[in-house]
Structures are given as structure tokens and as C-alpha cells.
Amino acid sequence: MADLFPSELAVINLGLPAFGQDIARQGAAVSSPEWRPPAGGDPATVAALTRMLAWPEAKRQRVAEANREAGKRLVAAQPVAVAVGRALDLVPGMTRKHVLHAGPPLTWERMCGPVRGAVIGGLLFEGLAKTREEAEKLAASGEITFDPCHHHQAVGPMAGIVTASMPVWEIENRAFGNKAYCTLNEGLGKVLRYGAFSQEVIDRLAWMRDELGPALQAAMKSHGPLDMRTLIAQALQMGDEGHNRNRAATSLVIRALGPHLVESDLPKAVVAKVLRFIDGNDHFFLNLSMPSSKAATDAIADIPWSTLIATQARNGTDFGIRLAGLPGRWFTGPATMVDGLYLPGFKAEDAAPDIGDSVITETAGIGGFAMAAAPAIVRFVGGSASDALRFTQQMYEITETENSAYAIPALDFRGTPTGIDVRKVVEKGILPVVNTGIAHKEPGIGMVGAGLVKPPVSAYRNALQAFVETYADK
Amino acid sequence: MDRLIVRKDTYLDSVFLMSISADLGRMDGVQLGQVVLATPANRQLLTGMGFEASTLDSLAPTDLVVALRAADAVVLDAAEKKLAELLARRATSQATEGPRPLGLEGGLQALPGANLALISVPGEYAAYEARKALNAGMHVMVFSDNVSVEDEIALKQEAVRRGRLLMGPDCGTAIVQGVMLGFANKVRRGPIGVVGASGTGTQEVTCLVEKAGFGISQAIGTGGRDLSEKVGALTTLFAIDMLARDPNTKVIVVISKPPAKPVADKVLEALAKAPKPSVVHFVGSNRSDSERSIHFAPDLESAARKAVELAGGKSAPSANPDPALVARERKAMAPQQKWLRGLFTGGTMAAEALAFLRAAGWKIQSNLDHGAAAQSARGHEIIDLGDDEFTRGRPHPMIEPAPRVETLMREAEDPAVGVVLLDVVLGNGSHEDPAGAMIPAIEHARKRARERGGYLPVIASVTGTDGDFQGLARSTAALERAGVVVVGSNIQAARVARAILEEAAHG
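Cut-off values and rules
Residues numbered from 1 in each chain as written. Chains lettered and ligands numbered in written order. Predicted model: local features only at pLDDT ≥ 70, side-chain atom pairs only at ≥ 80, totals over all residues. Heavy atoms only, no water. Contact = heavy atoms within 4.5 Å. Buried area = accessible area lost by both parts, 1.4 Å probe. Salt bridge = Lys/Arg side-chain N within 4 Å of Asp/Glu carboxyl O. Polar contact = N/O pair within 3.5 Å; in protein donor to acceptor, adjacent residues only side chain to side chain. Helix = DSSP H or I, 4+ residues; strand = E, 2+ residues; numbered from the N terminus. Buried < 20%, exposed > 50% of the residue type's maximum accessible area, 1.4 Å probe, protein only. Expected span 1.5 Å × (residues − 1). Domains from an automatic or database assignment. Phe/Tyr/Trp six-rings, centres within 6.5 Å; stacked < 30°, edge-to-face > 60°. Lys NZ or Arg CZ within 6 Å of the ring centre and 35° of its normal.

1. Here we look at the interface of chain B and chain A
Note: interface size is frequently given as the accessible area lost on complex formation between the parts.
Argument step 1. Each partner contributes residues to the interface: chain B has 58 residues there, and chain A has 42 residues.
Argument step 2. Each partner contributes to the roughly 4,400 Å² buried at the junction of chain B and chain A, and carbon and sulfur atoms together form 66% of this total.
Argument step 3. Counting the surface chain B buries against chain A, the share from its top three residues, Arg 100, Tyr 125 and Tyr 128 of chain B, is 15%.
Argument step 4. Put simply, chain B and chain A have zero salt bridges between them.
Argument step 5. Our count for the contact surface shared by chain B and chain A stands at 15 residue pairs in polar contact (both at pLDDT 80 or more).

Below, the structure written as C-alpha cells:
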């Protein structure tokens, strides 16, 4: 009986504050928390969340267990750089007629300016077309297979274009045996990933294919596997977050590979050029942190019952996510404009919508999620050092676990928030913090700024609704 | 001239928003002032009023939208300034209170032993919050309405499975362990347990029990649909079982609209099995017999009297109208004053009066007959001002007397109105002075009748106790000073009204 009529009533009053005041006046225990509509008030999403709450205990337990497992796998990941080689030789399913791009699937017709420019550049680089016009005609002809990098165990920054003869990093997740690939970073300014395809861009790609790639390949062979987890952990303690700031990690790579380059049979001039090239590009390491993150998240690409996010990616047209529990299905919303600061001479009107696979870093628990480790970059996104702490701290609200390998000094060496739970994202209305660069909307101009992404909430809501629908009768 | 003002991601509770809307609407020159959250329903409402659809369509349910209409921009500017002040006042008071915990989880962290969740969020989110509360092992009272019957059934099944009480949805009144929840009156604790599908019905019965010197063990609200065939009395049966086993409850009272036979049978079976006597009042039914341990009461007052009697008390029979009073009231009425205007804030009070007068052979128009075509000629009318048609976008008339005041002000101009019949409901949740708020309109209506050479009797009952913060004695005295005949219960008021108008017709 005591159970049914508790001896003392203690009330949580959700909604009208006056009711709570009435109860308090009677001397009864009451808490009147602040209340906001769940899921931003979206009726279909609230209905899905309510259905999920109504699942039998055993079923809800399965979700919790699947998420625990997925979180464990992300934390256990051991990404190791093992080689540099040609995309055609290493990337699964790659052919000479394939052009891989960033983000969810996309047709030529729907591609934004920078992606089109990069496609043109890629076709010129491969010698499949001689002129821009020829390249455009070929791209529209249906002869070329456009595929997301993500469908080939790969990732690409910004436009993310990968063609057959480009050199790529090969990363192996030693804990689970899966591999991931990414091109080499071209540097800043007029570069393919921002949609540039002038002769200077094509020439650089050719040099990367002919000298940089083979040089790194030789250095890697001599050095042996390069442990990415250790390297990223060190970089986080040196002010990087692994997405928008890669200065520390890039330096660490030079330290590791420098002696091996020098000891190689390469001509002195080539070694010097390679080292200068890496030194001149603070983002050199981005193309290692991205496939490392991809190798980690691919280990949760198929975990039935899990609501963790396995992929986030955008292509300048769509922002898409995939869930561990719904393998192979993309949920997309329109790519949004980035909220950020612009380089001198550029303004918001110049920007292309949000683009690139680099959000894989946040999906794996670094990047924006590790912002507290990189106070130096907060100014780029218009904030203060305390904002950096706040961004990371808020991400613990929507993640499954913490990665103790990636400890943040400013948070007393607390591990980075890891494993984004789509249900928490939707329920709490807290979207993942994503750092990013901003591309010019016209092909070929390059980076114009950097800032924070506002992912489209519809992608997350649709994913959750599909999850509930899929597992409703299981 | 229209103006739409949008504040993105600004959630504020509906009662506060309605009070701001009312403040804006009262400003000189403002033809329309609506402050609402941009839910699909509200967006449709504003589009229907002629506000710009393209702006509204882009909004989310967490966005605040203010729709203003006035003759010129000067008035609109003034209204916008006033709005900023009203919202800022709220912000300041929140700032001084310090940060509040967020949501049910935050509440549980602040009050870990919490065992009941009182949910009054907008209906579309109520099932979600109720689920979370049930999953956390709590009892739940859902005050919110607009919850689908499917959600209601699923929630109630889950509550039963967990051995938890789920009151509502649309449950306005409960008293649990002596704590008043929602709209309820201050009554002493005692041997009578009430299970009510109707809020004001429960209030009337608990107050009459208090007047008779007895008290209430628990008053459990079930929500208006609980005894429908679909829901099958899940909460009523659960509550009867709780009260049957509760050592502090000696008598069980059940109040509901007349349910379908199979549901009624289940409820009566449960009552018959309980080891204590019970009283049942089906609002609108005048059944007054007994079967097994169950005693049927023909009205709310009889239900209270019977319960007191079964608990060992004595109660005088219900007062019949005092002939002298009836004669006094009808003496100065003009011959054309033929019709009753029953203006009720409590739905059950309206239904009780309607059933009683119809049983006496009266033809009455009422908005309680949903879907019935309105007659062109006006006769007797009983209006439930708590009905959706009056409450859309504004608070319930028990909180906000304005709709009834406005209605009475209009009726004051109708020379054919013979008697005005009112309910006045006190207690937690109600307006701070429901009697006082009506008095100017009552005095005006009586004055207009006198100016036309007649006299307007106003008959009222006050549902409340002296423990209520508005005060039963104080409210009654104020009404009487204004010339209102105040009697001891809603059914007595209906009887007096009937006597006056029937005598007038015959005399």
C-alpha cells in the first residue's frame, strides 16, 4: 500500500509553473524544472521518441547494449598509417572511370560549384578530358561513375575528389582489421579540393603523384607503421583538435618521417621539396586524421539496434548521416551555410554551402568535440577560450562514451566525448559541433574562411524516425 | 495594419502567453494581439486571421510569434514596446530565481524521491513526458488535454502493468495524500475516497463533504474519456482497487458521465467486490436506487450526502427552494422575462443543471449538445464556457472570468432573459476572486433589467471551502451584497431557477 499511496507526496511539476507554486504553498515537496518541447516540438519526431519509450524493457536494453558496444569499439580503435600508394591499386572498387566525391551520393546535375570544378580537374588530371568543356560533357555523359568516398572505405576533404592515379594514405584499424583511405593534402589556395582546376592545380597533382607520393611511400616503408592514435593524442595536448587545427600533428609527422626521407635514395632536391611542402601546409595532417577517424567509425558501420551515428558527411548540396543500426542508409538534409569568419577580402556572399567528409573527425570524437584542447582556433569561429570548453562539455550530453586515449588537459584530462547518439541529439535538440573550412562558391578560388557548421536537424530526425520504424516490430 | 514579430527558439508556457495576449489586446487601438508558439495549429489560426502565411510557414513550434493588428504603425510600435517590457519582466524574474533544472531528468536530480509527475505541457508532448515518468517508476497526473485516445490507452495499460496510477489525460482535479493537485479545494482529510472522471464534479462533492463536517482520503481524477468503451475504465478500476485496499478510505464515491453498459458493468462489479460501501453518480442520470453495496445518487449533492451518511454522519435532506424567496425574486419581473441563461464555468455543473431541467420537461439549447443545430429563436440556454469554442487561445473561464463577463454583459441587453444561473468555483488553480470578477457585470445586468421596468434574479452556488484562498464566506457575502441569491449547491441553484421561472409562467 505504501507503494501506491506514498506516505509523502513529492511532485515533479512539468508545465504550468503555477501548479508547482500551489503545491509548494501546501508544504509538499515539489520541483518545477524548466520545460521545453522535446525534439524542437516536431510532431513526427516526438511520436517516434514516444514510441521508443513505450518499447518493452528488454527491447530498450538491446538498444542500450548495442550503443555500449559501439562506444567501446570507437574507443578501442587503433588506427595506424601503413602505406602510401595509388588509389587504383589500394582503394576497393576503384576503376579509371570512377570519380569519388565527398558526402552522400550525388549526381552531376546536383553538384555544387566547387565539386563540379574538382570533378573537371580530376578528369583533366587523369587525361580523360583535354578541356573544361570536354570534361563537363564527359561528366554529364554517364560514362563516369560518381560514388561517395564513403562507399569505398575512403574519405575526402571539401570536394573530396579521388581519381585512379592519385596517391592515397592507407590506414589500418589494428583493433578490427578494417582499412581506410584518403588522398594527400594539397595545401591551401588554389587547390582541387576547393574546386580549382587551372594548370597550376593539375601540375601540383602531377608532382604529388610523381614525387610526393613515392617519397612518402619510401619514408613509410623505412619507418614502418605510424601509430595515429598516439600521434593524435599528443597533438591534442599541443593545441590541435584534429580537424581545423593540425599544426602540431603535421609537425609530429615531419619529426617522424624526416630522418627516413633524408636516409632514402631520393635526390636531395626532392627531399627538400617534400619537406618544404609539408612544412608549408598546416593541414597536411588533416588527410591522416580523417582516414584515422574513418577507420575507427567503420568499425561501427553495422551494429544492429545501435542509435550511434557511424557517418556524417556533406557534399555542398546535402548533409548526410548513417546510423550504426541502419547500415547502408543515408539520411540527408540540405547543406547549410557555415557560421564563421572570413579571410581578408571575402564575405559571406562568397561562401559555398557546407562541404566535405572532414566531419568524420567529429563523428569519431575529435575535431569540434575536442575543441577544449584547441583554444587557439576558437577565435576563428568567433568565440573565446571559455567557449571552446563549453563546446566540448556540451557534446558529452549527446555522446555515448569518452575516449580516455584522447585526454584534454583543460578538462583535467577527461577523455573526448565519443559516439554521437542520434536519439540524444534529437531529444535534447543539441546538434553536433562541427568545425570546418569555408569554400568559395565559385570553382577554383579556394578557402575563404572557417567556422562552425549548423547541421540540418531534419537529417537526424529522419534517421531516428527510420530507426524506430525499422526496429518497431523486431 | 498587421505586424508579425518572431523570436526564434523562445519557449514560454501557454498561460503566460495568454496573459501577455490579454495585456496587448487591452491596449487602446490594438484590434488584435496574439502571442503564441508557432505550432502547426497556431500557424493555421493566424493564417486564418489573415496574417502573412509565408512568414508563418517557416517557423518551428519552439518559435514565439506575436501577431498584432491595429489601425496604424504608431499603435503597433507602442504594442511592440509593451511586449518587450512584458517579456523582459519574465526574464528578470527568472534571472533572480536562478537557473532551474531542465526537464523530467533535471527534476529527478533536484528531487530524487519524487513519486508523482504532474504534467501540464501542451498535449502533443504530454504522452512523451508521461512515458518518461512511468519508465522512471512514478505515478502520473496528466493535466494536459489533446492527447490521442490511442496514447491514453497505451499509457494506462503501461501504468497498470507497472502498478502505477495514471490520472488523465485532461485530469484537472486530484487530492492525493492531502495535497491538492490542479484545480482543487482545501478540505480536511477523512474517510471518503472519490474517483472522478470530472474535475468540477469532484470539486463539488469534496466541498459538500467538507461542509457536512467530513473529509476526503483521496480524490483521484481519471480524465473524461476513462469510462469510454475504448479506454474501458482502466484508471477508474485501478483507483477503485487502490481505495478498496486503502485502510483510511471507508466509502468510495465514483462520479462520471453515464458510461456504456459493458464499462458500467465492470465498474459496478469492482465496487460490489470492494469490502466497503460505495456511491455512484452518473452525471445526467437520476437513478437513486441501491444494488449490493452500491448506492446510486441522482445528483452531486446527493452523492456527497450519501457518502457522509455511509461514513457514519448525519445530513439533513437537501433544501427545497424557499417559497418566500421564490416569491420575492419573481415579484418584480416583467412579463416578457421568460428565459433562463445558465452561464457555467464548470462543465459538470452545466451538465447537472441541464439534466435536471430537461427532466422537468424544459426545452433548453446548450453547447453541451455538440453538433445540435442552433435554433433561430432563443429560449432557455445553458452554456458551458469551458467548452473549446470559448477557450481556443485563451485560458479556461475558471482562471479567466472575462468570457463569462462579456457574455453576461451581452445578455444584459436582452429583455427576454428571466433568470441568470451561475456557478462560482473557488480553490487552487481558480481565479483569485471569481465571485468579485462577476459582480460588476451582475450589477449592470440587474440595473438594465430595472431600467426596462423588470427585475433580474441571479442565482448562484459557490463551490469552495473556507480553507480556499478566495474564501467561501467572503465570496458568498460579496455575491449576496450584489443581490445574488446564493444557495448551498449547484443542484439547489437549478431548483430555485426552475421554481422562479415556472411560477412566473403560471402566475
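2. What to know about the side chain of His 440 of chain A
Residues and elements named next belong to chain A.
Argument step 1. Within the fold, His 440 resides in the loop between strand S16 (434-439) and strand S17 (447-453).
Argument step 2. For His 440, a relative accessible area of 7% translates into the label buried.
Argument step 3. Of the polar contacts made by the side chain of His 440, one reaches the backbone nitrogen of Glu 442; its length is 2.9 Å.
Argument step 4. Beyond its immediate sequence surroundings of up to four residues, His 440 is in contact with Pro 114, Phe 346, Asp 350, Ala 352, Ile 445, Gly 446 and Val 448.

3. Focus: helix H7 (residues 149-162) of chain B
All names here are of chain B.
Argument step 1. Between its terminal C-alpha atoms H7 stretches 20 Å, which fits the 20 Å expected from 14 residues at 1.5 Å a residue.
Argument step 2. On its buried face, H7 sits against helix H6 (123-135), strand S6 (166-167) and helix H9 (234-245).
Argument step 3. At the exit of H7 stands Gly 163, carrying a positive phi of roughly 70 degrees.

4. Overview of the domain arrangement of chain B
Argument step 1. Splitting chain B by domain gives domain 1 (2-97), domain 2 (100-170), domain 3 (174-318) and domain 4 (323-506).
Argument step 2. Once you take the C-alpha centre of each, domain 1 of chain B and domain 3 of chain B turn out to be 43 Å apart.

5. Some thoughts on the packing of aromatic side chains
Argument step 1. Under the definition given, this model contains 13 aromatic pairs over all chains.
Argument step 2. Between Phe 19 of chain A and Phe 143 of chain B, the aromatic rings sit 4.8 Å apart at their centres with planes inclined by 75 degrees, giving edge-to-face as the arrangement. Linking Phe 19 of chain A in helix H1 (residues 17-25) with Phe 143 of chain B in the loop between strand S5 (139-142) and H7, this pair reaches from one chain into another.
Argument step 3. Note on Phe 19 of chain A: relative accessible area 6%, which makes it buried.
Argument step 4. Using a relative accessible area of 19% as the deciding quantity, one classes Phe 143 of chain B as buried.
Argument step 5. One aromatic cluster is present, formed by Trp 55, Trp 305, Phe 467 and Tyr 471 of chain A through successive ring pairs.
Argument step 6. Across from the ring centre of Phe 391 of chain A, 5.5 Å away, lies the NZ or CZ of Arg 390 of chain A, which sits over that ring.

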